[in-house]
Amino acid sequence: QVQLVESGGGLVQAGDSLRLSCAASGRTFSTYAMGWFRQAPGKEREFVAAISRNSFSTAYANSVKGRFTISRDNAKNTAYLQLNSLKPEDTAVYYCAAEFVGSTSNSGSYYYTVGDDYDHWGQGTLVTVSS
């Protein structure tokens, strides 16, 4: 129902910042909760951040809390992940994901931190942080 395309990754030095973007197709972006996950070499995919459809709720992994910020602009059909104070251990392929939640009042606070809860995934964008 929705296609996702990430962009904004690259090679940076420790302490630098990046902003990742996730562009979604279609006209129903506001009915999806969004999440960001990452997978480092030799490790399993891990949760990074999540945001509800209307930005009422957000959640972060402990390893990135205070450094990363998730946001979205429903008018532009785009979700973002601002990565500040980057560390070498942040090096990974970053994926955005979407899960349909509808448009009820209660669904405005829904978000998910488990990858298997998401039905739609982007292709990923590589972030490499040198020491």
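Computed from a predicted structure; not experimentally measured. Along every chain, residues carry numbers that run from 1 in the direction the sequence is written. Per-residue local features are limited, in this predicted model, to residues with pLDDT of at least 70; the limit for side-chain atom pairs, both in listing and counting, is 80 or more; totals at the level of whole chains, interfaces and linings are taken over all residues. As a rule here, side-chain values come from all non-hydrogen atoms in the structure, and water together with hydrogens is ignored.

Novice: Break down the side chain of arginine 38 for me, with residues and values.
Specialist: Helix and strand assignments come from DSSP, with helices taken as H or I runs of at least 4 residues and strands as E runs of at least 2, each series counted from the N terminus. Topologically, arginine 38 is positioned in strand 4 (residues 32-39). To sort residues, take the accessible area from a 1.4 Å probe on protein chains only and compare it with the maximum for the residue type: under 20% means buried, over 50% means exposed, and anything in between is partly exposed. Residue arginine 38 is classed as buried on the basis of its relative accessible area, which comes to 5%. Any N or O atom pair separated by 3.5 Å or less is treated as a polar contact, with the protein-specific requirement of one donor-capable and one acceptor-capable atom, and with residues adjacent in sequence counted only for side-chain atom pairs. Of the polar contacts made by the side chain of arginine 38, one reaches the side chain of glutamate 46; its length is 2.7 Å. For arginine 38, the side chain forms a polar contact with the side chain of aspartate 90, separated by 3.0 Å. In this analysis, two residues are considered to be in contact whenever any of their non-hydrogen atoms come within 4.5 Å of each other. Among residues more than four places away in sequence, those in contact with arginine 38 are Glu44, Arg45, Glu46, Val48, Ser63, Val64, Phe68, Glu89, Asp90, Ala92, Val93 and Tyr94.

Novice: I'd like a rundown of the pattern of salt bridges, residues and numbers included.
Specialist: A side-chain nitrogen of Lys or Arg and a carboxyl oxygen of Asp or Glu constitute a salt bridge if their distance falls within 4 Å. Overall, the coordinates contain 4 salt bridges when judged by the stated rule. Linking aspartate 116 and arginine 45 is a salt bridge whose minimum nitrogen-to-oxygen distance equals 3.8 Å. Taken as a pair, aspartate 116 in the loop between strand 9 (92-100) and strand 10 (120-121) and arginine 45 in the loop between strand 4 and strand 5 (46-51) lie far apart in primary sequence, 71 residues in all. Its relative accessible area of 67% is what places aspartate 116 among the exposed residues. Here arginine 45 falls in the partly exposed class, since its relative accessible area comes to 39%.

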